[in-house]
Structure formats: structure tokens, C-alpha cells
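# A structural walkthrough
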Amino acid sequence: MFPDNDTPGERLFLQLREVLPSLVRHQLPPGCKDFSDYYLSECNRGTVLL
């Protein structure tokens, strides 16, 4: 899971991990607030096909 880079995103991840202990946390790269920012940045680089 790629939680948002903010307090609510981190809180949600911790709550989900309580009920899904095998949930794996992945860190978004610097400058990406959420997964959509990351996805769009990868699309702009041409590394993701739309």
C-alpha cells in the first residue's frame, strides 16, 4: 500500500494494518503527496502507459 504522505494517510495505514497484519507499506517518492501524484509523474516521464 502507498499511504498518502500526510497524517491522515499514515493513520489510515496503521488502522488497516491492525486488521490486515500482512499489509506492506511502500514509501512514495519525495514530492508526491499521494498515489495519483506519483502515477501522473510517472506518466509524464513516459514510464507508465495510459
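Look up: the structure comes first, before these words.
A brief report on the enclosed structure follows. Keep in mind it's a predicted model, so treat the numbers as computed, not measured.

### Describing the packing of aromatic side chains
All told, the structure shown has three aromatic pairs when counted by the stated rule. Ring geometry for Phe2 and Phe35: centres 5.4 Å apart, planes at 45°, overall tilted. Of this pair, Phe2 sits in the segment before helix H1 (7-19) while Phe35 sits in helix H2 (residues 35-45), placing them 33 residues apart in sequence. Overall, Phe2 belongs to the partly exposed group, its relative accessible area being 32%. Judged by relative accessible area, Phe35 falls into the partly exposed class, the value being 38%. Centroid distance Phe2 to Tyr38: 6.1 Å. Interplanar angle 20°. Geometry classified as stacked. Here Phe2 is found in the segment before H1, whereas its partner Tyr38 is found in helix H2, with 36 residues between them in sequence. Given a relative accessible area of 24%, Tyr38 falls into the partly exposed group.

The rules behind these values
Residues numbered from 1 in each chain as written. Predicted model: local features only at pLDDT ≥ 70, side-chain atom pairs only at ≥ 80, totals over all residues. Heavy atoms only, no water. Phe/Tyr/Trp six-rings, centres within 6.5 Å; stacked < 30°, edge-to-face > 60°. Helix = DSSP H or I, 4+ residues; strand = E, 2+ residues; numbered from the N terminus. Buried < 20%, exposed > 50% of the residue type's maximum accessible area, 1.4 Å probe, protein only.

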